[in-house]
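Examining the three-dimensional arrangement
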Amino acid sequence: QVQLVESGGRLVQAGASLKLSCTFSGGTFSRHTMAWFRQAPGKEREFVGGISWSGYNTYYTDSVKGRFTVSRDNAQNTVYLQMNSLKPEDTAVYYCAARYSISTNFDKYKAYAYDYWGQGTQVTVSS
């Protein structure tokens, strides 16, 4: 059974940077497309960014383009979310997700497309 464990979330001030990590176990990491989602209280789970099996292709929601970067290290079975210039509206629980596919030819922006989820890590940005 695939297990995803996020870490790195904390309270920071607006304008700060954070790097989240998600460690994958229980399967072949390089067979999975990976993504980050977030969910604020009372809101739907929202796509943030994703990355193909090799790390060659990345994709982001418009609100984080130019500020957030998704990367992966297949030797360490870890995907990262580097977040810069954080804003209060970035406050949410951030979730790591995995889809069993080396292809990104699926509806990758939608939560329903992913097979596995971590428990989330809280990011709070104060103004």
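See the structure above.
Summarised in this report is the structure supplied together with it. (Residues numbered from 1 in each chain as written. Predicted model: local features only at pLDDT ≥ 70, side-chain atom pairs only at ≥ 80, totals over all residues. Heavy atoms only, no water.)

1. Thoughts on the nonpolar core
Judged by nonpolar contacts, the single largest core of 26 residues is most densely connected at Met34, Trp36, Val79, Leu81, Met83 and Tyr94. Residue assignment for this core shows that the elements contributing at least two residues are strand E3 (18-25), strand E4 (32-39), strand E5 (46-51), strand E7 (68-73), strand E8 (78-83), strand E9 (92-100) and strand E11 (121-126). (Core = buried A, V, L, I, M, F, W, Y, C linked by side-chain atoms within 4.5 Å. Buried < 20%, exposed > 50% of the residue type's maximum accessible area, 1.4 Å probe, protein only. Helix = DSSP H or I, 4+ residues; strand = E, 2+ residues; numbered from the N terminus.)

2. Topic: the pairing of E11
The side chains of a regular strand alternate, residue by residue, between the two faces of the sheet. On E11, burial follows the alternation: Thr121, Val123 and Val125 on one face are buried, whereas Gln122, Thr124 and Ser126 on the facing-out side are not. In the sheet, strand E2 (residues 11-13) pairs with E11 via three bridges, with the strands oriented parallel. The residue of E11 that forms the bridge with Leu11 is Thr124. Here three bridges tie E9 to E11, and the two strands are oriented antiparallel to one another. Within E11, the residue paired with Val93 across the bridge is Gln122. (Pairing = 2+ DSSP bridges.)

3. Side note on the packing of aromatic side chains
In total, this model carries nine aromatic pairs according to the counting rule given. Taken together, a centroid distance of 5.2 Å and an interplanar angle of 55 degrees make the contact between Phe24 and Phe29 tilted. Classification of Phe29 as buried rests on a relative accessible area of 2%. Pairing Phe106 with Tyr114 gives two aromatic rings, centres 5.7 Å apart and planes at 75 degrees, and the pair type is edge-to-face. You'll find Phe106 and Tyr114 in the same group, each marked buried. Through a chain of ring-to-ring contacts, the aromatic side chains of Phe37, Phe47, Tyr59, Phe106, Tyr109, Tyr114 and Trp117 assemble into a single cluster. Sitting over the ring of Trp117, Arg45 keeps its end group 4.8 Å from the ring centre. The ring centre of Phe29 lies 4.2 Å from the NZ or CZ of Arg72, which sits over that ring. (Phe/Tyr/Trp six-rings, centres within 6.5 Å; stacked < 30°, edge-to-face > 60°. Lys NZ or Arg CZ within 6 Å of the ring centre and 35° of its normal.)

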